[in-house]
Amino acid sequence: MATPRKAAADTKSVALVLGGGAPNATLMAGSLEAFIDRKVHFDVISTAGAGALIGLLYSAPKSGDPRASLRALIDMGVDDAIYDRFPVNYKVFNKPGPLADFWRQLVAANPLVAALQRQQDDGAGGRFLNDWAQLILATLCPSDLSAKSTGLCAHVPFIDHIVDFDALATSDSQFYLNAYNLTKHRMDCWDKTQIGKDQFLAALSFPFIYPPYLLDGDYYIEGAAIDTLNFKSLYQHHRAPIDSIVVFDVLGCERIMHPPTDLYDAWVQSIITPLVELARDDLKLFEALHNIDPDTGKKRSEVLRVNYESLLSTADFAQELAWSHSNLARLYDIGYEAGHLFCDQNAAALGL
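Here the structure is a predicted model, which means the values were calculated and not measured.

J.: What is the right way to look at the overall build of the protein in this model?
T.: Tallying secondary structure elements over the protein gives 15 helices and 8 strands in all. Radius of gyration (C-alpha) of the protein: 20 Å, near the 20 Å computed for a compact globule of 352 residues. Taken along its principal axes, the extent of the C-alpha atoms in the protein is 60 × 45 × 40 Å. Counting the 352 residues in the protein, one finds 53% classified as buried. Surface accessibility of the protein: about 16000 Å² in total, with carbon and sulfur atoms responsible for 58%. Averaging the positions of the 29 positive and the 43 negative side-chain charges in the protein gives two centres separated by 2 Å.

What follows is the structure in structure tokens.
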């Protein structure tokens, strides 16, 4: 759950914007752990795409422990010894189809698989055994993928095991999530009382990776594919004044683009680079237009950016799209350090 508000007469109203882009997930998660350390409270959290997962683990983790839930994202990464030879994240992206769903249920119920998963905490050896077993099981998993499929992967099958949507509805921060309604050709936005597993899956259905998600008779795709930073919710849906808006700085495509190492790397770059440029443009547009009060001409809120570039090396930029375990762990630590630096620099604006 989110950090409780501190009682104070001059409490600042602070919002958090978590945008799309799965490779940034552990950077954002590390910063949020730092915010937990510093007891930062957010009155409203606005999310899109992969940012929704980070926000939900921070606001309503199934375990009740946001710090542990955020740090567990590092284990989405594949053991380096495997990833160096097979650079695909089979742990995150799952095969589609009813038989694949049934296969995953059988695997989840297998006590041997559960025992291997527990070995991840025993260091590199245990992690290698677990990830190798998952690779074999993913390879054996049946699939109905064909030329007529509308997406490569099954919708995220594990979200209700790691997020407590009932706890989200009663949390002390407002929470927004956007998704694009393909049927009605509009952006829809849900608040914390409306968000459940179906809304999350609809909001994370990035085109081609996942098929459009059918919800209440309408088809949805990921809102971040069109609006990567869900700023609109802050003023269109959230009526209370906001003193400060915290946003994680968007890394430009000139930083993360590089000669691809293989076909998979080239494909990932083709997806992510337009997203990050769209996010940068959205941030500029928000600061120049939407954050200006039309009546007074003054800024509605102060936009505070968590900066990562000063802490990232050239090698880090080149590896930011990689799903290896060591890379996700390194990015998490960088995010954690950046979060503490941000709090030091913006203590007054955060009400610390």
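And the narrative resumes.
J.: Can you help me understand helix H5 (residues 98-108) in this one?
T.: One turn of an α-helix holds 3.6 residues; hence residues three or four places apart share an orientation. For H5, the full list of buried residues reads Ala100, Arg104 and Val107. Down the axis, H5 shows its buried residues gathered within 60 degrees of arc, on one side only. Relative to its buried face, H5 has exposed residues pointing more than 90 degrees away, namely Pro98, Leu99 and Gln105.

J.: Where do I start with the pattern of salt bridges in this structure?
T.: Proximity of charged atoms lets side chains of opposite charge pair with each other. Enumeration over the complete set of coordinates arrives at 10 salt bridges. In this structure, Asp344 and Arg38 form a salt bridge, with 2.6 Å as the shortest nitrogen-oxygen distance. Of this pair, Asp344 sits in helix H15 (residues 325-345) while Arg38 sits in the loop between helix H1 (25-37) and strand S2 (44-47), and the two are 306 residues apart along the sequence. Residue Arg38 is classed as partly exposed on the basis of its relative accessible area of 26%. Where Asp79 meets Arg127, a salt bridge forms, and the shortest distance between an N and an O atom there is 3.5 Å. Taken together, the residues Asp79 in the loop between helix H3 (66-71) and helix H4 (80-83) and Arg127 in helix H7 (residues 124-140) connect sequence positions 48 residues apart. Take Asp79: its relative accessible area is 6%, and that puts it in the buried class. Overlapping salt bridges, with partners in common, bring together Glu33, Asp37, Arg67 and Arg71 in one network.

J.: Help me understand the packing of aromatic side chains in this model?
T.: Given two aromatic rings, their pairing is described by the distance between the two centres and the angle made by the two planes. A full pass over the atoms with the stated rule returns 9 aromatic pairs. With a centroid separation of 6.4 Å and an interplanar angle of 10 degrees, the aromatic rings of Phe35 and Phe248 are classed as stacked. Highlighted residues: Phe35 in helix H1 and Phe248 in strand S7 (residues 244-248), separated in sequence by 213 residues. For Phe35, a relative accessible area of 0% puts it in the buried group. Geometrically, the ring pair formed by Phe35 and Phe342 is tilted, given 5.8 Å between the ring centres and 50 degrees between the ring planes. Here Phe35 is found in helix H1, whereas its partner Phe342 is found in helix H15, with 307 residues between them in sequence.

J.: How should the packing of H1 against H15 be read in this particular structure?
T.: Working note: a packed helix pair is described by the angle between its axes plus the distance between those axes. Running from N to C, H1 and H15 cross one another at 40 degrees; their axes reach a closest spacing of 6 Å. Here H15 runs oblique to H1, going by the angle between their axes. The handedness of the crossing between H1 and H15 is right-handed. Within the contact between the two elements, H1 uses Thr26, Leu27, Ala29, Gly30, Ser31, Glu33, Ala34, Phe35 and Asp37 and H15 uses Leu328, Leu331, Tyr332, Ile334, Gly335, Tyr336, Gly339, His340, Phe342 and Cys343. Among the residues forming the contact of H1 with H15, the class breakdown is 11 nonpolar, 6 polar and 2 charged.

J.: Hey, could you run me through a nonpolar patch on the surface in this one?
T.: A surface patch of nonpolar side chains, amounting to about 470 Å² of accessible area, comprises Phe128, Leu129, Trp132, Ile136 and Leu140. Looking at where Leu140 falls in the secondary structure, it is placed in helix H7.

J.: How should the nonpolar core be read in this particular structure?
T.: Side chains of a nonpolar character, in soluble globular proteins, are inclined to be buried together. In this structure, Phe35, Phe42, Leu70, Phe200, Val246 and Phe248 are the most contacted members of the largest nonpolar core, which totals 77 residues. Residues contacting Phe200, with those up to four places away along its chain left out, are Ala52, Leu53, Leu56, Val156, Ile159, Phe165 and Leu177.

Quick notes on the rules
- Residues numbered from 1 in each chain as written.
- Predicted model: local features only at pLDDT ≥ 70, side-chain atom pairs only at ≥ 80, totals over all residues.
- Heavy atoms only, no water.
- Helix = DSSP H or I, 4+ residues; strand = E, 2+ residues; numbered from the N terminus.
- Rg over C-alpha atoms; globule rule 2.2 N^0.38 Å.
- Buried < 20%, exposed > 50% of the residue type's maximum accessible area, 1.4 Å probe, protein only.
- Areas by Shrake-Rupley, 256 points an atom, 1.4 Å probe, with all protein chains shown as cover.
- Lys, Arg positive; Asp, Glu negative; His and termini not counted.
- Charge placed at Lys NZ, Arg CZ, Asp CG, Glu CD.
- Arc of directions from axis to C-beta.
- Salt bridge = Lys/Arg side-chain N within 4 Å of Asp/Glu carboxyl O.
- Phe/Tyr/Trp six-rings, centres within 6.5 Å; stacked < 30°, edge-to-face > 60°.
- Axes fitted to C-alpha atoms, helices over the stretch in contact; angles between N-to-C directions.
- Parallel < 35°, antiparallel > 145°, perpendicular 65-115°, else oblique.
- Left-handed = near helix turned anticlockwise from the far one by under 90°.
- Contact = heavy atoms within 4.5 Å.
- Nonpolar A, V, L, I, M, F, W, Y, C, P; charged D, E, K, R; others polar.
- Patch = residues over 30% accessible without salt bridge, like charges linked within 9 Å, V, L, I, M, F, W, Y side chains within 5 Å.
- Core = buried A, V, L, I, M, F, W, Y, C linked by side-chain atoms within 4.5 Å.

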